[in-house]
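Geometric and topological summary
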Amino acid sequence: MTRIADVIKIMETWAPLAYQESYDNAGLLVGDAADAVKGILISLDTTEEVIDEAIAKGCNLVIAHHPIIFKGLKKINRTNYIGRTVVKAIQNNIAIYATHTNLDNVHNGVNFHIASRLGLQNIRVLSPKKQTLQKLVVFVPVEDTKVLLDALSSAGAGVIGNYSGCSFRVTGTGSFTPNETANPYIGQANQLEEVIENRIEVMFPTYLTGKVLAAMRQAHPYEEIAYYVTSLENENQEVGSGAIGTLAEPISETQFLQFLKDQMQTGCIRYTALRDKPIQKVAVCGGAGIFLLNDAIRAGADIFITSDVKYHEFFDADKRIVLADIGHYESEVFTKDLIFAHLSKKISNIAVNLSETTTNPVFYL
């Protein structure tokens, strides 16, 4: 039996909640994680119409990109669309899960999906996050090194980009004197013991600290383990805002804008004055991403694609870059396909459905 908790684990292994922004409200918003999953409906937003679709398709779990509950709710009633949606979901025993800025911020998340849809190559995070990595240093007898490293690796330590099992070690001599109440793996009470040990260093995401330390304690042979954990200032190239990549060949600005309109299926693109320069390096941020404009300029992008740009913010491009607003819904609607593809690979015994409901509140004449 697949439970909602099992689906949540799949989602949060991919896009950990630890990577959502401080203002966000991703996660299980409505429902009981212990419930069995009958069917999954994937949508950009959660609205009454989406809940109706879930009911019609026999789905009791809606996975949306945007959280229906974003700010604190003081009342849950039918006076607005949020209350009506939540009430209908509860009455029909439908759980609602949101994967928002955490999915924006991970490698191969929302922004990488946009970049891939535009055919970009050599895609990387536009603005990597700092203070999301830790380093563990631990000392272990040489003969127990492999067992400990395997345990740390299984807990998620030692992954750097496309490489796993990454570690550093150096061999030296450790010394200690057990007292009368100790139960040493090596040595005798009140006798100085010297052991040839490896100093092991591994990096891991901060949110995995508890899991990594538990694995270390489980696999390490010593009663008292000599180790320390250090917070790193390194940029985490796997986590951050936006994405940037390059087209295989440069094309004219007008050609690219038409290509962008077609690929993202948008009814309108608002953009700044063209610079009469070819487009090859492209920066993107799904949703409201104007805060990344200067990052895109510093990275040498020819165009920055995002949404929700205010009138005066267009001036900030200042002829240094083409700034293109394709619409919030249009920039993120293909997130549904991204989530669908990921879950379809991981779940085989539950129907995973793409919502057919258009939730865009904006129309173009």
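Reading the values: the criteria
Residues numbered from 1 in each chain as written. Predicted model: local features only at pLDDT ≥ 70, side-chain atom pairs only at ≥ 80, totals over all residues. Heavy atoms only, no water. Helix = DSSP H or I, 4+ residues; strand = E, 2+ residues; numbered from the N terminus. Buried < 20%, exposed > 50% of the residue type's maximum accessible area, 1.4 Å probe, protein only. Contact = heavy atoms within 4.5 Å. Areas by Shrake-Rupley, 256 points an atom, 1.4 Å probe, with all protein chains shown as cover. Lys, Arg positive; Asp, Glu negative; His and termini not counted. Charge placed at Lys NZ, Arg CZ, Asp CG, Glu CD. Core = buried A, V, L, I, M, F, W, Y, C linked by side-chain atoms within 4.5 Å. Axes fitted to C-alpha atoms, helices over the stretch in contact; angles between N-to-C directions. Parallel < 35°, antiparallel > 145°, perpendicular 65-115°, else oblique. Left-handed = near helix turned anticlockwise from the far one by under 90°. Nonpolar A, V, L, I, M, F, W, Y, C, P; charged D, E, K, R; others polar. Phe/Tyr/Trp six-rings, centres within 6.5 Å; stacked < 30°, edge-to-face > 60°. Lys NZ or Arg CZ within 6 Å of the ring centre and 35° of its normal. Arc of directions from axis to C-beta. Salt bridge = Lys/Arg side-chain N within 4 Å of Asp/Glu carboxyl O. Pairing = 2+ DSSP bridges.

1. Topic: the overall build of the protein
Helix and strand counts for the protein stand at 12 helices and 15 strands. C-alpha extents for the protein along the principal axes are approximately 85 × 55 × 40 Å. Put simply, the protein has 365 residues, and 48% of those count as buried. At a minimum sequence separation of 6, the contacts of the protein that also span at least 24 residues come to 73%. Total accessible area computed for the protein in this model is approximately 18400 Å², and 50% of it derives from carbon and sulfur atoms. Both charge centroids of the protein, one from 32 positive and one from 40 negative side chains, sit 5 Å from each other.

2. Focus: the environment of Gly 187
Mapping Gly 187 onto the fold places it in the loop between strand 7 (168–176) and strand 8 (193–205). In the structure, Gly 187 is positioned 10 residues away from Thr 177 in sequence and 7.9 Å away in space, judged by C-alpha atoms.

3. Regarding the nonpolar core
Core analysis: the largest hydrophobic core is formed by 49 residues, its most contacted members being Ile 40, Leu 260, Ile 305 and Leu 343. Ranked by residue count, the leading element in this core is helix 1 (residues 4–14), at five residues.

4. Here we look at the packing of helix 2 (residues 48–56) against helix 3 (residues 81–91)
Here helix 2 crosses helix 3 at 15 degrees, and the two axes come no closer than 9 Å. Between helix 2 and helix 3, the interaxial angle falls into the category roughly parallel. Where helix 2 crosses over helix 3, the handedness of that crossing is left-handed. On helix 3, the residues that touch Glu 48, Ile 51 and Asp 52 of helix 2 are Arg 84, Thr 85, Lys 88 and Ala 89. Looking at side-chain class alone, the contact of helix 2 with helix 3 contains two nonpolar, one polar and four charged residues.

5. A few points about the packing of aromatic side chains
Aromatic rings considered in pairs are described by the distance between their centres and by the relative angle of their planes. A full pass over the atoms with the stated rule returns six aromatic pairs. Cluster of aromatic residues (ring-pair linked, three or more members): Phe 176, Tyr 185 and Tyr 222. One Lys or Arg, Arg 117, reaches over the ring of Phe 334 and ends 3.5 Å from the middle of that ring.

6. What to know about helix 1
Because the α-helix completes a turn every 3.6 residues, residues three or four places apart line up on one side. Listed as buried for helix 1 are Ile 4, Val 7, Ile 8, Met 11 and Trp 14. Summarising the axial view, the buried residues of helix 1 lie within an arc of 125 degrees, below the 170-degree limit, and thus occupy one face. Exposed and facing more than 90 degrees away from the buried side of helix 1 are Lys 9 and Thr 13. Elements that come into contact with the buried residues of helix 1 comprise strand 1 (27–30), strand 2 (39–43), strand 3 (61–64), strand 4 (95–98), helix 4 (101–105) and helix 12 (335–346).

7. Describing the pattern of salt bridges
Per the counting criterion, the structure on display carries 11 salt bridges. For Glu 48, the salt bridge goes to Arg 84, with nearest N and O atoms at 2.9 Å. Of the two residues, Glu 48 sits in helix 2 while Arg 84 sits in helix 3, which places them 36 residues apart along the sequence. Residue classification places Arg 84 among the partly exposed residues on the basis of a relative accessible area of 27%. Linked through salt bridges whose partners overlap, the residues forming this network are Glu 53, Lys 57 and Glu 356.

8. Considerations on the sheet that holds strand 15 (residues 351–354)
Across the sheet, five strands lie side by side as 1-4-3-2-15; this open sheet has mixed pairing. Both outer strands of the open sheet, strand 1 and strand 15, are each paired with one neighbouring strand and no more. Averaged over all pairs of adjacent strands, the angle between their axes in this sheet comes to 25 degrees, without regard to strand direction. Bridging between strand 3 and strand 4 involves four bridges; their strand directions are parallel. Along strand 4, the bridge assignment pairs Ile 63 with Tyr 97.

9. Observations concerning unusual backbone geometry
Although it is not a glycine, Asn 93 sits at a positive phi angle of roughly 55 degrees. Within the fold, Asn 93 resides in the loop between helix 3 and strand 4. Even without being glycine, Asn 122 reaches a positive phi, approximately 50 degrees. Examined against the element boundaries, Asn 122 turns out to sit in strand 5 (residues 121–129).

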